[in-house]
Structure formats: C-alpha cells, structure tokens
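If you want the building blocks of each chain, they are given just below.
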Amino acid sequence: QGEGEGFVSLYLESLSCSLTKKIKAQFNIRIPSARARGDAAWITFSSPRNTDAQEAEAWGQGESVRRSDVLDPLKNYLVRGNLTVEVDIQVMLDKPPTWTPGNTVCSDMLMLKMLEAGSSDNCDVAFEVGPNEPKVFHAHRNILVARAPAIAEIIADISDPCSMIPIKDVEPNIFRMVLRFIYGGEVPSKNVLTENARSIIHAADKYGGTGLKLSAEAQLTSDGITTENAAELILFADGTNCAQLKEAAMEHFAMNAQAVMATNGFEQAKESPSILTELMSI
C-alpha cells in the first residue's frame, strides 16, 4: 500500500528470543528460482559486509521485488505457485565466547611431584634445553612414552640414562610448561599464556601437549585480533595448524580488508601463494 504499492516486501523478524527483540545480524536474502533463470537481480537484499552489523527488531526492505515480476510466468519467480525465499543470517554476539579446552590429562599432584623431584638417581631420561644457557631436565621414559608420542620418538633409540638429549629450539621455561602438562595436565595462568602464547604453541606442537597448545591458541585469540596483527596472525596460525586462531583472524580480515591490506603483516602474508589465494577469495 502507499509508497510500497506494487512490490513484494521481504523482512526478517526475531520471534523466538525472549531476552530482547534487538539483535545484531548480517544477512543475505535471495530467491533461488530467479538465480536459476539467470536473473541479475536474484539477490534481493543484503546487509553491508564492510560495516558494523545492524541492530534492529526486523531487517529487510519494503520494495524487494516488483509484484508484477513475481506473477509473470516468464520471470520464473514462482515454482508451482510458490515463492521460495532463502536466507543466510549470522547473528553477532557482543563478545563471541572463546572455546577453551579442558585438560585431557587428569591432574595428578603425585605425578608433578615426581617430575619436580626428578634427578639422575630416579630418572632414566635427561634433556639439555635452551639455545644459550641450557638447563637440564630429568624425566621418566615410561611416562613420556605413554603421554608424549612426539618426545617418545626422540628418545626411542637412546638407552643410556646418562646421555643428554639436546633441545635447542625451546627456552627452558617453556619446556618446563610442556613437561608439567604432560605429567599432570597443568595449564599455566592466563597471564603466562598471554606472555608466552606463541612459544608455547610452537613447543607443544613439536614436542607434545595438544591441550596445552589449544589453551595457548584460545588465549591468543581472546587477547584480541586487530587490524595491525590480523594478517600476521593468519600466517602464524597457518604455519602452526591453529584452526581457531586462523578462522578468527580471517573473519577480521573479511570485515576490514582494506585496512589490513595496508599493514606490514599483509606484505609478509601475501608472499605465501596459498594464504593470498584464501584471503582474496573472501
């Protein structure tokens, strides 16, 4: 009627949420039969992807498609007398919850005490850890074989308990965290994870401790992805198999592509053909 006379209106409205009728969302409304026909106007209404999600009680537009076009059999909007509308919708939370894994190894204080009391007298494996000022860690072969397959492979051919196994690519404090997770499922505090997230991810990825790696990844994700670090984090996440971090950084890129492409991190990321292809396909 009135201004919208002669048009079909398409709107989305929240009916199920009992807390509020105002919800932020991005959406795309389309008529698939028009697409099948090759109509250039098959996408009838979309929220802008380069702006903030809209907050409202309903979304859409009054003049979505002309009524005469819908009724015209040559336009093929109606299929057996029915108008089918497809909707993609993404609801935006104020702060998306970050998934944090629970410990996969049961915390066992006795096991941690065994690690802390480890020495050449009661242990059968020794590691010399660190690139500059190495520190010696003693451990138990049976525990490592059972809980850390990656380390078990390193020590498999070493039978002399007095032999020092060199590990040069990890700082001693990071390797200690890996061992404590292996023995007792201990995850460092959020502050420690924030300060050492990348080093922990590298060490846990190479030497074992999936839950520790996932905890560090979750913390790195929740600490914030910005325009300045998004591209660099995509590159880091891709190289360390951090799916959660990569997905969050890619979403940030999708919403702020032009700004991210102006950063030094993007200059590094575009040197990877596979990463560049992923970014350009968003």
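Note: the structure precedes this text.
Thresholds, definitions, all that
- Residues numbered from 1 in each chain as written.
- Predicted model: local features only at pLDDT ≥ 70, side-chain atom pairs only at ≥ 80, totals over all residues.
- Heavy atoms only, no water.
- Helix = DSSP H or I, 4+ residues; strand = E, 2+ residues; numbered from the N terminus.
- Buried < 20%, exposed > 50% of the residue type's maximum accessible area, 1.4 Å probe, protein only.
- Phe/Tyr/Trp six-rings, centres within 6.5 Å; stacked < 30°, edge-to-face > 60°.
- Lys NZ or Arg CZ within 6 Å of the ring centre and 35° of its normal.
- Core = buried A, V, L, I, M, F, W, Y, C linked by side-chain atoms within 4.5 Å.
- Contact = heavy atoms within 4.5 Å.

J.: Please explain unusual backbone geometry as it appears in this structure.
T.: Outside of glycine, negative phi angles account for most residues, and trans bonds account for most peptide bonds. Positive phi, normally seen in glycine, also occurs at Asn241, with a value near 60°. Considering the arrangement of structural elements, one finds Asn241 in the loop between α9 (230-239) and α10 (243-255). With a relative accessible area of 60%, Asn241 lands in the exposed category.

J.: What's the story with the packing of aromatic side chains in this structure? I'm lost.
T.: Aromatic ring pairs: the centre-centre distance and the angle between the two ring planes describe each pair. Evaluation of the coordinates by the stated rule reveals four aromatic pairs. Considering the side-chain rings of Phe137 and Phe175, the 5.7 Å spacing of their centres and the 65° angle between planes classify their relative orientation as edge-to-face. One end of the pair, Phe137, is in strand β10 (residues 135-139); the other, Phe175, is in helix α6 (residues 172-184), with 38 residues separating them in the sequence. Under the relative-accessibility criterion, Phe175 is labelled buried at 0%. On the basis of an interplanar angle of 5° and a centroid distance of 6.3 Å, the ring pair of Phe253 and Phe266 is categorised as stacked. In this pair, Phe253 sits in helix α10 while Phe266 sits in helix α12 (residues 264-269), placing the two residues 13 residues apart along the sequence. Exposure class is identical for Phe253 and Phe266. Each is buried. Grouped by ring-pair contacts, the aromatic residues Phe127, Phe137, Phe175 and Tyr207 constitute a single cluster. The ring of Phe137 carries the charged tip of Lys135 above its face, separated from the ring centre by 6.0 Å.

J.: Explanation requested: the nonpolar core in the structure shown.
T.: Side chains of nonpolar character tend, in soluble globular proteins, to be buried together. Membership of the largest hydrophobic core comes to 51 residues, with the highest contact counts inside it found for Phe127, Leu144, Ile151, Phe175, Tyr183 and Leu245. Per element, the largest residue contribution to this core is eight residues, and it comes from α6. The residues contacting Ile151, other than those within four sequence positions of it, are Phe127, Leu144, Phe175, Ile182 and Tyr207.

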